[in-house]
Amino acid sequence: MRYAIFADVHSNLEAINAVENAIKGERIDECLCLGDIVGYGANPGECIEKIKRLASIIVAGNHDWAAAGKFDISYFNIYAKKAILWTQQNITKEEKNFLSHLPLIYETQLFTLTHGTLIHPEDFGYVLNNVMAGKNMQIQKTPFCFIGHSHMPEIYKTGENLVLREKSREIVVKEGNKYLINVGSVGQPRDGDPRAAYCIFDTSEGTISIKRVEYNISKTCDKILAAGLPQTLAYRLFEGR
Ligand code: ZN
């Protein structure tokens, strides 16, 4: 099987369109989405409809549940909060209903999908370093776990009780190891690379790669400004921060 796995689209239609085009040439069997379809950007409804068609499995992000009124936004920063309130005004009842029914975790024998962490997934905590990755992997039952949430692509692996951060963004997996993969963000990357990120997981080749694709950031930026959303949510896209 060849999976395309992506996260944190954040209502950025141009970015998800670019990823959709890029994976057309990848012989993909199934697309999996790790949540945060909405929030920050100006095309929530369009992104929900697109991802519903594109992905066979979708798990919930904190912004998805927040937009559906199912997650407390008092701890969100001011920009995220404004964007959630805007999103709630700009999606339909059906779309809210769809978001509120997204599950926190999806698991097969081979892999687990969640937005933030397996430790109280409903709290949407972050995996930001080896220690947190190790704690997550302690309760990870499957060889692979794919996450998003931090918008920073990372690959962690365990071997002989060590947790290492892979330097390469393309790895060949070894049996017996556990892997925790942050697939980065489609619609609002924060690792200094403004291109949309997505992951290809090839189970027969035993490879995992994090890939990047350019999209029309100016167009997305103009839409965010025209919608009256906070300007910083538009300009940060050029920096990938
Ligand atoms: Zn996010």
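Here, the structure is the one placed above.
We now turn to the structure provided with this report. Computed from a predicted model, the values in this text were never measured in an experiment.

### Thoughts on the packing of aromatic side chains
One pass over the structure, following the stated rule, counts 10 aromatic pairs. On the numbers, 5.1 Å between centres and 50 degrees between planes, the contact of Phe-146 with Phe-201 is tilted. In this pair, Phe-146 sits in strand β6 (residues 144-147) while Phe-201 sits in strand β11 (residues 196-202), placing the two residues 55 residues apart along the sequence. An identical accessibility class is assigned to Phe-146 and Phe-201; each is buried. Ring pairing ties together the aromatic residues Tyr-3, Phe-111, Phe-144, Phe-146, Tyr-179 and Phe-201, which thus form one cluster. Cation over ring: Lys-52 sits above Phe-98, and NZ or CZ is 4.8 Å from the ring centre. Above the face of the Trp-65 ring, Lys-70 is positioned so that its terminal group lies 4.0 Å from the ring centre.

### Overview of the pattern of salt bridges
Evaluated as defined, the whole model comprises 11 salt bridges. As a salt-bridge pair, Glu-49 and Lys-52 come within 3.9 Å of each other at their nearest N and O atoms. Pair noted here: Glu-49 and Lys-52 are both in helix α2 (residues 44-54), with a separation of three residues, about one helical turn. A relative accessible area of 31% places Glu-49 in the partly exposed class.

### Here's the deal with the nonpolar core
Membership of the largest hydrophobic core comes to 50 residues, with the highest contact counts inside it found for Phe-6, Ile-16, Ile-37, Ile-51 and Leu-99. Sorting elements by how many residues they give to this core places helix α1 (residues 13-24) first, with six residues. Residues in contact with Leu-99, not counting those within four places in the same chain, are Ile-37, Val-38, Ile-48, Asp-64, Trp-65, Ala-67, Ala-68 and Ile-91. Grouped together as the second largest cluster of nonpolar side chains are 21 residues, Tyr-3, Ile-5, Ile-181 and Ile-210 included.

Cut-offs applied
Residues numbered from 1 in each chain as written. Predicted model: local features only at pLDDT ≥ 70, side-chain atom pairs only at ≥ 80, totals over all residues. Heavy atoms only, no water. Phe/Tyr/Trp six-rings, centres within 6.5 Å; stacked < 30°, edge-to-face > 60°. Helix = DSSP H or I, 4+ residues; strand = E, 2+ residues; numbered from the N terminus. Buried < 20%, exposed > 50% of the residue type's maximum accessible area, 1.4 Å probe, protein only. Lys NZ or Arg CZ within 6 Å of the ring centre and 35° of its normal. Salt bridge = Lys/Arg side-chain N within 4 Å of Asp/Glu carboxyl O. Core = buried A, V, L, I, M, F, W, Y, C linked by side-chain atoms within 4.5 Å. Contact = heavy atoms within 4.5 Å.

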